[in-house]
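# A look at the structure
What follows is the residue order along each chain.
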Amino acid sequence: MTMEVTASTVYSLPSARGELSSAVVDLLRGEAASTRRTVGEAVWIADAAQPYGEDLQLALHICYELHYQGFESVDPEWEWDRELLHLRANLEHRFLSALQRDVAGGSDLEDELARLLVEPAQGTGIGSYLAKKGEWWQLREYFVHRSIYHHKEADSHVWLIPRLRGQAKASLVAIEFDEFGGGRGERMRSQLFAELLTGAELAPGYLRYLDVVPAPMLALVNMMSLFGMHRVWRGALVGQLTAAEITSVSTARRMTAALRRLAADPACLRFYAEHVQADAVHEQFMRHSVIGYLLAREPEQIASVVFGIQATNWLEQRFTEHLLDRSWGAGRSSLLNPPDGKSR
């Protein structure tokens, strides 16, 4: 099977996927005279929308992006528009309520951390699949999905810095310093991933594949933005980052094995080599310096940290099922199809 992946040439507003995302896109484009009424109606639509569905997740992602790099030709003043923020709050409530319903919750942090260290059953994860039998087109699709995550991964964690104190803050800054290349632009993780995309003959630009990446990956990124933009969920974002750092090394090793098996460009290997070297240290920082000092000062945050770990695992599992079971296992692309019907 071959895969043709196309990307936007200019980073612009994506195509809508339903009533909610259409209302947001139309508002930001200013195309409809009754747009504000439409957005007001969308608030009620959100109450019945599928929380993990394409329409809600894209609408939420667009709203969040206004707080990051924004969209070309969209006025930056939209970032704090009251009606749009009201709609976003309804989308967040729907999404967050689903996450709280679908994970176990609780306060057994040590058990959650121990679970993260357990290797998945033989061949059950995406990394194992790609390392053992994945084809090049599948690896490239995986990169397309992860581009939405890696282009802004570290950005969402920066929201934590003003919300932590003391050693927890200092340790998080040390981790972020590595994520942003230790002060060297060419070593930033996002830049290394852009070079990986180039090495895989994919478009390296920021969020260029937003139109073809389906909801499972958007939900992961949206979760980080939600936790980051609400101080009340600072513990959950600490949990998410901890889960990411603890599992990163084993994932990077599997991806390295897949890339070597398929004789990939060295630029693809460099990104994962960086994770193997740095994230083992980051794991210890998160477990002992960030979580340890946060909970020593704010023990009431333990349930939030646990929730962040569980929500991350839940959404990562949904992403895995989308790729391995519903898409590749059925012999089809895991990406959204363009209007011309070609595989992207």
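Residues numbered from 1 in each chain as written. Predicted model: local features only at pLDDT ≥ 70, side-chain atom pairs only at ≥ 80, totals over all residues. Heavy atoms only, no water.

Turning to the overall build of the protein chain, a few remarks are in order. When helices and strands are counted, the protein chain shows 14 helices and 0 strands. For the protein chain, the sequential pattern of α-helices and β-strands runs α-α-α-α-α-α-α-α-α-α-α-α-α-α. Expressed as a percentage of the 344 residues in the protein chain, the buried residues total 55%. For the protein chain, restricting intrachain contacts to residue pairs at least 6 apart in sequence, the fraction spanning at least 24 positions comes to 82%. (Helix = DSSP H or I, 4+ residues; strand = E, 2+ residues; numbered from the N terminus. Buried < 20%, exposed > 50% of the residue type's maximum accessible area, 1.4 Å probe, protein only. Contact = heavy atoms within 4.5 Å.)

With that settled, consider helix H10 (residues 189-199). Looking at H10, one finds that the buried residues are Arg-189, Leu-192, Phe-193, Ala-194, Leu-196, Leu-197 and Gly-199. Glu-201 lies just past H10 and shows a positive phi near 60 degrees.

With that out of the way, let us pick up the packing of aromatic side chains. Given two aromatic rings, one states the distance between the centres and the angle between the planes to describe the pair. Tallied over the full model, the rule gives 11 aromatic pairs. Relative to Trp-314, the ring of Tyr-52 has its centre 6.5 Å away and its plane inclined at 50 degrees; by these criteria the two rings are tilted. Taken together, the residues span a long stretch of sequence, with Tyr-52 in the loop between helix H2 (35-46) and helix H3 (54-65) and Trp-314 in helix H14 (residues 302-327) at a distance of 262 residues. Geometrically, the ring pair formed by Tyr-142 and Phe-319 is tilted, given 6.3 Å between the ring centres and 35 degrees between the ring planes. With Tyr-142 in helix H7 (residues 136-150) and Phe-319 in helix H14, this residue pair connects regions lying 177 residues apart in the sequence. (Phe/Tyr/Trp six-rings, centres within 6.5 Å; stacked < 30°, edge-to-face > 60°.)

A word on helix H5 (residues 109-116). Residues three or four positions apart in an α-helix share a direction because the helix packs 3.6 residues into each turn. Of all the positions in H5, only Leu-109, Glu-112, Leu-113 and Leu-116 are classed as buried. Projection of H5 onto a plane perpendicular to its axis shows the buried side chains occupying an angular sector of 95 degrees, all on one side. Along H5, the residues that are exposed and aim more than 90 degrees away from the buried face are Glu-110 and Arg-115. (Arc of directions from axis to C-beta.)

Attention now goes to the pattern of salt bridges. All chains considered together, the criterion is met by 9 salt bridges. Across the pair Glu-54 and Arg-17 runs a salt bridge, and its minimum N-O distance is 2.7 Å. Pair noted here: Glu-54 is in helix H3 and Arg-17 is in the segment before helix H1 (19-29), with a separation of 37 residues, a long-range link. Given the relative accessible area of 26%, Glu-54 is considered partly exposed. Arg-115 is paired through a salt bridge with Asp-111; the nearest N and O atoms lie 2.8 Å apart. (Salt bridge = Lys/Arg side-chain N within 4 Å of Asp/Glu carboxyl O.)

In this section: the environment of His-93. Structurally, His-93 is set in helix H4 (residues 82-102). Residue His-93 is classed as exposed on the basis of its relative accessible area, which comes to 56%.

Confidence along the protein chain averages 88 in pLDDT terms, with 90% of residues attaining 70 or more. The least confident element of the protein chain is H2, whose mean pLDDT is 74; the most confident is helix H11 (residues 215-229), at 98. The low-confidence segment residues 338-344, where pLDDT is below 50, has 21 contacts with residues more than four positions distant or belonging to other chains. (pLDDT = per-residue confidence, 0-100.)

Of note, the phi angle at Glu-201 is positive, near 60 degrees, even though the residue is not glycine. In this structure, Glu-201 sits in the loop between H10 and H11. We classify Glu-201 as exposed; its relative accessible area is 68%. Even without being a glycine, Ala-263 presents a positive backbone phi close to 55 degrees. Following the sequence through the fold, Ala-263 ends up in the loop between helix H12 (234-261) and helix H13 (266-297).

This brings us to the nonpolar core. Counting 106 residues, the largest nonpolar core has Phe-95, Tyr-142, Phe-143 and Phe-227 as the members making the most contacts within it. In terms of residue count, H12 provides more of this core than any other element does, 11 residues in total. Ignoring anything within four residues of it in the chain, the contact list for Phe-143 reads Phe-193, Leu-196, Leu-197, Ala-200, Leu-202, Met-255, Leu-259 and Tyr-272. (Core = buried A, V, L, I, M, F, W, Y, C linked by side-chain atoms within 4.5 Å.)

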